[in-house]
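Descriptive analysis of the structure
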Amino acid sequence: AFWAATVENCNAFWAYTKFRNFRPSQKFVDYLAGLQTRCTMVKEKWNADDTSESTKFKNEYTEDTLTIMVFVNTFYGMAEIGAYPNDKGRYFEHVLSEMTEWLKVTYDPHQKNKNCTQPIVNYMRSLALLTYLPNDDFVEIMSKRAKMEAENDQFTVQGISQMLWSWSILGLNIPQDVVYALMQAMIRQMDQATTQSLTTCIWAVANMGFIEEKDIFDVFRKKIATIDIEQFNKYSDKDHPYRFVTGGGSKGEMSLNQIYQAHFAYEILSPFGKLIYPELESEAKKSWMEVTRTCVTISGFHQEVSSTLSEMGVPHELEFLTEGGLYSLDIALKGRKICIEADGPTHYSINRPTVRIGGDNLREAILTKQGWTVIQIPWFTWQAAPERDRREYIANLLYEHAGLTMKQLTAGAREQASLRDLGADVFMSELNTPDTKPSSTTFSPYGMDFEKPSSSSSSSLEENSTTEAFEPMCSSRARSLFLRMFFKSSRSRSSNNNSNSKSSRPL
């Protein structure tokens, strides 16, 4: 009776997590976790369809044993709704240990039922949703098992895409031959691939850095060429299972967003060129830029870093849009291709909070290729630093990663002050506002062409000609406005000086 009640509670919990507004009490979550922590996993291969005598479990069901699917379904349900047992991680560690042992002993090379890999897929996806990093022993065993299953074609296309996505999000160090085995298994089943599974797979492979395999690229491009744009619009943000990583917004199509990121990565990071056809590229770019432009949040952490930079006199911009509007940067230094990312807890593992996960790997690779220097400030380092030491901490980061001194960093602020002294009652942020309709968001991107930092960037206004000093900072329209005000102010001062003195002081 106890065993039956345990199974029923676990299965009921998994079923209820499918309801959008279901939120169990912490007491019930802790109760389920406690029940499973007392049990071990039956070490038999799970088979969803075959009920013959030959595949029945040899183990007697007792109060201390549960099947793989009872464990995985409960774990999966917790991941879906973001429920965490209040037991200092004991439940998660117990399930990880049991899964490791199960993976070691339950492989069946003669099994041809593709559902047999469902427990592996669901468990890996749960780890990714929870941002729970498994230990090295599990990663090694799971990688070997996944390769064997893939070579025997025991994964579905959806299972392959979810495995790759999970590894990519967690940033796991999966051997190349394992990734390649899953990709070859998907190629053999490409006729069964849905738009969602295809775009998820392409994004995951690109995010993991495996974008230099010509045969895989050719298969992707050939398959995409057969899909109409309407199919990419099929999955809305509320339906897409990976919406929290690929962007959001009420009008964002997640499949389009994934395919555009991967396409852009292939175009600039691989030797193979464009991945998708022009009409799809235009539609996907439009979707992605809409998400980038509208889905902007400025946290208290961002504001604290910004305030510290302001105290240091470092000109910067919050939520700056990069070239083409592809990415929104937390903080960008004005006139320099240097960005500071204030990385909160969601960028790190839940069980190892100082270890960064891999969801932003593709973004950082693209930014680096475009010439940006990306500096990350972890939330835990920022919190641990006393307020009086934070300016020194940022200064050290900027010098370490970009080679910039405080004199160079504050040069932009001095130039703005000099501009106002010349009679220009405008700020650089006003001068550099593009001739476009303002965005509905809370930030105002500059839309200017940057140059890499050089030794001349720290020169003072007096050491450079007027146009050279402001060339990296001003658009042509802004530069014309500045020069008109400069010469008007210069003539006015010169006239006053000539009337009061025989010699005028050089400006």
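Description of the structure in this document. (Residues numbered from 1 in each chain as written. Predicted model: local features only at pLDDT ≥ 70, side-chain atom pairs only at ≥ 80, totals over all residues. Heavy atoms only, no water.)

**Quick notes on the packing of aromatic side chains**
Applying the stated criterion across every chain, the model contains 20 aromatic pairs. Centre to centre, the rings of F75 and Y91 are 6.2 Å apart; their planes meet at 40°, and the pair counts as tilted. One end of the pair, F75, is in helix 3 (residues 68-81); the other, Y91, is in helix 4 (residues 90-105), with 16 residues separating them in the sequence. According to the relative accessible area criterion, F75 is buried, its value standing at 1%. For the pair Y91 and F92, a centre-to-centre distance of 5.8 Å together with 50° between the ring planes defines the contact as tilted. As far as the burial class goes, Y91 and F92 line up, both buried. Among the aromatic residues, those joined into a cluster by ring pairs are F75, Y84, Y91, F92, Y123, Y132 and F138. (Phe/Tyr/Trp six-rings, centres within 6.5 Å; stacked < 30°, edge-to-face > 60°. Helix = DSSP H or I, 4+ residues; strand = E, 2+ residues; numbered from the N terminus. Buried < 20%, exposed > 50% of the residue type's maximum accessible area, 1.4 Å probe, protein only.)

**Description of the pattern of salt bridges**
Where charged atoms of side chains with opposite charge meet at close range, the side chains can pair. The full count for this structure, using the stated rule, is 16 salt bridges. One salt bridge in this structure joins E80 and R125, with 2.7 Å as the shortest N-O distance. Pair noted here: E80 is in helix 3 and R125 is in helix 5 (residues 118-130), with a separation of 45 residues, a long-range link. Classification of E80 as partly exposed rests on a relative accessible area of 34%. Here K274 ties to E281 by a salt bridge, and the two come within 3.1 Å at their closest N and O atoms. For K274, a relative accessible area of 38% translates into the label partly exposed. Assessed through its relative accessible area of 17%, E281 is described here as buried. Salt bridges linked by common partners bring D343, R356, D360 and E364 together as one network. (Salt bridge = Lys/Arg side-chain N within 4 Å of Asp/Glu carboxyl O.)

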